[in-house]
Amino acid sequence: MSLNGKTAIVTGSNSGIGLGIARELARAGADVVLNSYTDRDEDHALARDLGAEFGVSARYVAADLSKGDAARGLVEEVGRCDILVNNAGIQHVAPIDEFPVEKWDAILAIMLSSAFHTTAVALPMMRKAGWGRVVNLASAHGLTASPYKSAYVAAKHGMVGMTKVVALETARDPITANAICPGYVLTPLVEAQIPDTMEKYGMGRDEVIEKVMLERQPSKEFATVEQIGGTAVFLCSDAAAQITGTTLSVDGGWTAL
Ligand code: NAD
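From a predicted model like this one, the values you see are computed outputs, not experimental measurements. Numbers given to residues run from 1 along each chain, matching the order in which its sequence is written. Only residues with pLDDT of at least 70 get local features here, since the model is predicted, and only at 80 or more are side-chain atom pairs given and counted; chain-wide, interface and lining totals rely on the full set of residues. Values shown for side chains rest on all heavy atoms present in the structure; no hydrogens or waters enter the calculation.

1. Points about the layout of surface pockets
Inference 1: Estimated volume of the largest pocket: approximately 810 Å³.
Inference 2: Every definition here rests on a 1 Å grid over the protein atoms only: cavities are sets of points where a 1.4 Å probe fits but cannot get out, pockets are open sets enclosed by protein on both sides within 12 Å along at least five of seven lines, and lining residues have some atom within 4 Å of a point. In terms of lining residues, the largest pocket is bounded by 37 residues, among which Asn87, Ala88, Gly89, Ile90 and Leu189 are the most central.
Inference 3: Numbering of helices and strands runs from the N terminus, with a helix taken as a DSSP run of H or I at least four residues long and a strand as a DSSP run of E at least two residues long. Breaking the lining of the largest pocket down by element, the ones donating at least two residues are helix H1 (16-27), strand S2 (31-36), helix H5 (150-169) and helix H6 (188-191).
Inference 4: Each residue receives one of three labels: charged for Asp, Glu, Lys and Arg, nonpolar for Ala, Val, Leu, Ile, Met, Phe, Trp, Tyr, Cys and Pro, and polar for the others, Gly being one of them. Of the residues assigned to the lining of the largest pocket, the class counts are 17 nonpolar, 16 polar and 4 charged.
Inference 5: Grid points are joined across faces, edges and corners, and a volume is the space filled by probe spheres set on the points. Here the second largest pocket is characterised by a volume of approximately 670 Å³.
Inference 6: As for the second largest pocket, its lining consists of 25 residues, and the residues nearest its centre are Val93, Lys149, Tyr184, Gln193 and Thr197.
Inference 7: Those elements that provide at least two residues to the lining of the second largest pocket are H6, helix H7 (194-201) and helix H8 (205-212).
Inference 8: Here the lining of the second largest pocket takes 4 residues from H7, the largest share from any one element.
Inference 9: The source of the domain bounds is an automatic or database domain assignment. Split by domain, the residues of the lining of the second largest pocket number at least three in each of domain 1 (7-184 + 224-250) and domain 2 (186-222).

2. Details of the pairing of strand S6 (residues 175-182)
Side-chain positions along a regular strand alternate between the two faces of the sheet.
Inference 1: Between buried and exposed lies partly exposed: a residue is buried under 20% and exposed over 50% of the maximum accessible area for its type, with that area taken using a 1.4 Å probe on protein chains only. Here S6 lies mainly inside the structure; 8 of its 8 residues are buried.
Inference 2: Here S6 shows no split at all, with Ile175, Ala177, Ala179 and Cys181 on one side and Thr176, Asn178, Ile180 and Pro182 on the other all buried.
Inference 3: Two strands form a pair only when DSSP identifies at least two bridges running between them. The pairing of strand S5 (residues 132-137) with S6 spans 6 bridges and is parallel. When the sheet's bridge partners are listed, valine 135 is paired in S6 with asparagine 178.
Inference 4: With the strands aimed away from the viewer, a crossover counts as right-handed if its path from the first strand over the helix to the second runs clockwise. Once the chain exits S5 it traverses H5 before rejoining the sheet at S6, and the crossover so formed is right-handed.
Inference 5: With 4 bridges connecting them, S6 and strand S7 (residues 247-250) associate as parallel partners. The residue of S7 that forms the bridge with proline 182 is valine 250.

3. Let's talk about the domain arrangement of the protein
Inference 1: What the domain assignment lists for the protein is domain 1 (7-184 + 224-250) and domain 2 (186-222).
Inference 2: Distance between the C-alpha centres of domain 1 and domain 2: 25 Å.
Inference 3: Should any heavy atoms of two residues lie within 4.5 Å, those residues are considered in contact. Facing 17 residues of domain 1, the contacting portion of domain 2 comprises 12 residues.
Inference 4: Here a polar contact means two N or O atoms within 3.5 Å. Within protein one must be a hydrogen donor candidate and the other an acceptor candidate, and residues neighboring in sequence count only if both atoms are side-chain atoms. The interface formed by domain 1 and domain 2 holds 3 residue pairs in polar contact (both at pLDDT 80 or more) in total.
Inference 5: Looking at the side of domain 1 that touches domain 2 residue by residue, the class counts come to 7 nonpolar, 9 polar and 1 charged.

4. A short note on the nonpolar core
Inference 1: Counting 39 residues, the largest nonpolar core has Ile9, Val75, Cys81, Ile107 and Met126 as the members making the most contacts within it.
Inference 2: Residue assignment for this core shows that the elements contributing at least two residues are helix H3 (68-78), helix H4 (101-129), H5 and S6.
Inference 3: Ranked by the residues each element gives to this core, the list is headed by H4, at 11 residues.
Inference 4: When residues no more than four places from it in sequence are discounted, the contact partners of valine 75 are Ile9, Arg80, Cys81, Thr118, Val121, Ala122 and Met125.
Inference 5: Core analysis: the next-biggest nonpolar cluster, separate from the first, contains 33 residues, Ala26, Val56, Val135 and Ile180 among them. Residue types Ala, Val, Leu, Ile, Met, Phe, Trp, Tyr and Cys, when buried and joined through side-chain atoms within 4.5 Å, form a set referred to as a nonpolar core.

5. Observations regarding the site of the ligand
Inference 1: As a matter of local geometry, the ligand sits amid 30 residues, with Asn14, Ser15, Ser36, Tyr152 and Thr187 nearest to it.
Inference 2: Asparagine 87 is positioned such that a nitrogen or oxygen atom in its backbone is 2.7 Å from an oxygen atom of the ligand.
Inference 3: At 3.4 Å from an oxygen atom of the ligand is found a main-chain nitrogen or oxygen belonging to glycine 89.
Inference 4: Those molecules having more than half of their atoms within 2 Å of a cavity or pocket grid point set are described as sitting in that cavity or pocket. Counting atoms within 2 Å of the grid points, the majority share of the ligand lands in the largest pocket.
Inference 5: Taken together, the elements giving at least two residues each to the shell around the ligand come down to H1, S2, H5 and H6.
Inference 6: Residue composition of the shell around the ligand, by class: 15 nonpolar, 13 polar and 2 charged.
Inference 7: Two domains each donate at least three residues to the shell around the ligand, and these are domain 1 (7-184 + 224-250) and domain 2 (186-222). Proximity is defined per residue: if any heavy atom of the residue lies within 4 Å of a molecule or strand, that residue is considered near it.

Following this line, the structure appears as structure tokens:
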């Protein structure tokens, strides 16, 4: 599978799943654009190292995706987008009647509205290039719900819905749009939930992982960023050219329950 000559923009990719996807796309030969809201030397170094490791062009573009103009500006600045991976995300856990309004707004803006903005700018570029792939990071929480995650579950269900619309609007173009729905993947976003959960349930770290986090993941194993990256590469392959408007679960059986 070669993605030589393709340019991939991966939002929220200086850590976790986004970085894992960028690495697998680069391994397959794509030029990659990393992104997050920070603009540190280490962010740019990450891109330089990735480019050197896989012999592709790689750069880091800072953009705070909580702002629509910045999300549009990211794709405009790159000027070319064959593969768009909408991955940036945050989490906040609280009962709905205590859910901070600013957290609700931020989660919806970063995880759903930003994908609307990047897609709106990227699709004309894909049509002009005659090929395109939109890969949206939804979640098992795009298909099922858990308590205390109202904004996250709403954003991810929204992401699945928007993916279907993009697929229908591009159905006659050589462009596909799909959503990957991971179960739990051990990334900084998940790590950050462990201390609170330990305190809430009076459990140790291993017990939280096994009995709370992986409770609904029948494999009792985390998915890995490499597996999510490999799934994204598959969706960019010729074999996946007729796969559009759907969800691909990488969740150890969670949604089969
Ligand atoms: P992570 O915290 O490691 O990565 C999130 C990325 O988004 C980071 O690069 C972060 O800097 C970036 N980001 C956050 N706010 C941003 C902003 N305002 N502008 C630009 N970038 C911003 O988390 P992750 O687990 O790798 O999550 C990546 C995606 O995968 C998210 O959409 C998440 O919901 C989804 N997901 C994660 C899991 C899991 O178990 N880890 C499961 C299902 C879905």
